[in-house]
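# Understanding the architecture of this molecule
One-letter residues, chain by chain:
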Amino acid sequence: MKKPLSLILSAIMVLLAAMSLAETAEVTPLFSVDVALPEGYEHAEEFWIEPTVVYLLLESTDEDRPMIDIRISSEEMTGGVTFTRDTWDSDAVQNLASALSYDAETEQYDAYDTRETADGNVVMIIHEVDYTRVLTLRYGYMLTIFVSDRSNDGASLPAGNETLDMIMKFISDMKIFQVSAVSGN
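Everything numeric in this text was worked out from a predicted model, so none of it was measured. (Residues numbered from 1 in each chain as written. Predicted model: local features only at pLDDT ≥ 70, side-chain atom pairs only at ≥ 80, totals over all residues. Heavy atoms only, no water.)

### Regarding the overall build of the chain
Rules: Strands are runs of DSSP state E lasting at least 2 residues, helices are runs of H or I lasting at least 4, and numbering of each runs from the N terminus. Buried, partly exposed and exposed residues are distinguished by accessible area as a fraction of the type maximum, computed with a 1.4 Å probe on protein chains only: under 20%, between the cut-offs, and over 50%, respectively. In this analysis, two residues are considered to be in contact whenever any of their non-hydrogen atoms come within 4.5 Å of each other. Note that accessible areas follow from Shrake-Rupley with a 1.4 Å probe, and for residues the cover is restricted to the protein chains shown.
Each helix and strand in the chain was counted, giving three helices and twelve strands. Expressed as a percentage of its 185 residues, the buried residues of the chain come to 39%. Pairs at least 24 apart in sequence give 53% of the contacts found in the chain among residues at least 6 apart. Carbon and sulfur atoms make up 51% of the accessible area of the chain, which amounts to about 10500 Å² in all.

### Observations concerning the pairing of strand β4 (residues 67–74)
Keep this limit in mind: In this scheme, strands are said to pair when DSSP sees at least two bridges between them.
Strand direction decides the pairing type here: strand β3 (residues 53–59) and β4, joined by five bridges, are antiparallel. Opposite V54, over in β4, you have I72 as the bridge partner. In terms of strand pairing, β4 meets strand β10 (residues 141–150) through eight bridges, oriented antiparallel. By the bridge assignment, R71 is partnered in β10 with T144.

### A look at the side chain of E128
Selection criterion: Polar contact is defined as a pair of N or O atoms within 3.5 Å, subject to the rule that within protein one atom must be able to donate a hydrogen and the other to accept it, and that residues adjacent in sequence are counted only when both atoms are side-chain atoms.
Positionally, E128 belongs in the loop between β8 (122–127) and β9 (132–138). Assessed through its relative accessible area of 10%, E128 is described here as buried. A polar side-chain atom of E128 sits 2.8 Å from a polar atom in the side chain of R133.

### Topic: the nonpolar core
Definition in use: To qualify as a nonpolar core, a set must consist of buried Ala, Val, Leu, Ile, Met, Phe, Trp, Tyr and Cys residues joined through side-chain atoms within 4.5 Å.
Residues I68, I72, V134 and I167 are the most contacted members of the largest nonpolar core, which totals 27 residues. Listing elements by their share of this core, those giving two or more residues are β1 (31–34), β2 (43–50), β3, β4, β8, β10 and α3 (161–173). No other element matches α3, which puts six residues into this core. Those residues in contact with V134 that lie beyond four places of it in its chain are V123, M124, L143, T144, I145, V147, L164, I167, M168 and I171. If you look at the next biggest cluster of nonpolar residues, it comprises twelve residues, including V93, A97, L100 and I126.

### A short note on the pattern of salt bridges
Rules: By salt bridge we mean one thing: a side-chain nitrogen of Lys or Arg within 4 Å of a carboxyl oxygen of Asp or Glu.
Tallied over the full model, the rule gives seven salt bridges. One salt bridge in this structure joins R85 and E116, with 3.1 Å as the shortest N-O distance. With R85 in the loop between β4 and α2 (91–101) and E116 in strand β7 (residues 113–116), the pair connects residues that are 31 residues apart, well separated along the chain. Salt-bridge contacts for D119 lead to R138; the nearest nitrogen and oxygen are separated by 2.5 Å. Taken as a pair, D119 in the loop between β7 and β8 and R138 in strand β9 lie far apart in primary sequence, 19 residues in all.

### Some words on a negative patch on the surface
In plain terms, the rule: The patches reported here contain residues having more than 30% relative accessible area and no salt bridge. Joining distances are 9 Å for like charges and 5 Å for nonpolar side chains (Val, Leu, Ile, Met, Phe, Trp, Tyr). Note on charges: Lys and Arg go in the positive column, Asp and Glu in the negative column, and His and the chain ends are not counted at all. The atoms used to mark charge sites are NZ of Lys, CZ of Arg, CG of Asp and CD of Glu.
On the surface, a cluster of negative charge is made up of E42, E59, D62 and D64. Tracing the backbone shows D62 in the loop between β3 and β4.

### So, α2
Just so we agree on the cut-off: Think of the arc as the fan of directions from the helix axis to the C-beta atoms.
When α2 is considered as a whole, its buried residues turn out to be V93, L96, A97, L100 and S101. The buried side chains of α2 occupy one side of the element, clustering within an arc of 130° when seen end-on. Opposite the buried face of α2, by more than 90 degrees, sit the exposed residues D91, A92 and N95.

### A short note on the packing of aromatic side chains
Defined as follows: Only Phe, Tyr and Trp rings take part, Trp by its six-membered ring, and two of them pair if their centres are within 6.5 Å. Stacked means planes under 30 degrees apart, edge-to-face means over 60, and tilted covers everything else.
Taken as a whole, this structure holds six aromatic pairs when the rule is applied. Ring geometry for W88 against Y112: centres 6.4 Å apart, planes inclined by 85°, an arrangement best described as edge-to-face. One end of the pair, W88, is in the loop between β4 and α2; the other, Y112, is in the loop between β6 (108–109) and β7, and 24 residues separate them in sequence. By relative accessible area, W88 is classed as buried at 10%.

### Quick word on α3
Quick reminder of the rule: Expected helix span is given by 1.5 Å per residue-to-residue step, counting one fewer step than there are residues.
Helix length check: α3, at 13 residues, gives a terminal C-alpha distance of 18 Å against a target of 18 Å (1.5 Å per residue), a fit within 8%. Every buried residue belonging to α3 is among T163, L164, M166, I167, M168, F170, I171 and S172, and all of these are buried.

### Describing unusual backbone geometry
Unusually for a residue other than glycine, E107 sits at a positive phi of about 60°. Structurally, E107 is set in the loop between β5 (102–103) and β6. In this model, Y139 sits at a positive phi of 55°, which is unusual for a non-glycine residue. Here Y139 is to be found in the loop between β9 and β10.

Next comes the structure, spelled out in structure tokens:
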């Protein structure tokens, strides 16, 4: 049985809290992320855990807004690939999609649907019991988005179509830039 979203989010928060308390040198990111916050969100908190991985936690004071946590990583193995309809059927992209849908806990491949963003990025959508995972490759950067709607009693639910539409727009509007190395001379 898969662990619920609350366990995943708790683990992320514990990791982030431990990292903020650690007495280590500050991480110098290898890329930067520019996001347009969806309506109802005030802030995107960035947590860099290494130069190639950032977590974005979208924050809202509105308790009815979906919970959205994003992991973006720079992946050398993807060779700058973006999932698009033109590349989707290629062996290389299908191998990457299979790897993304593999669940090490169950040792099986999760069933997924696909959607396309306004700018042509194909996105994999995996509905879990109480949240939805949204996965894609965008210019070689791996995006993993955990999103859940909330029921009237505050319980987490898989994302509905309206929330997924918001996530597709969020991905389309996202800009990722490689940071240039700056010489100390």
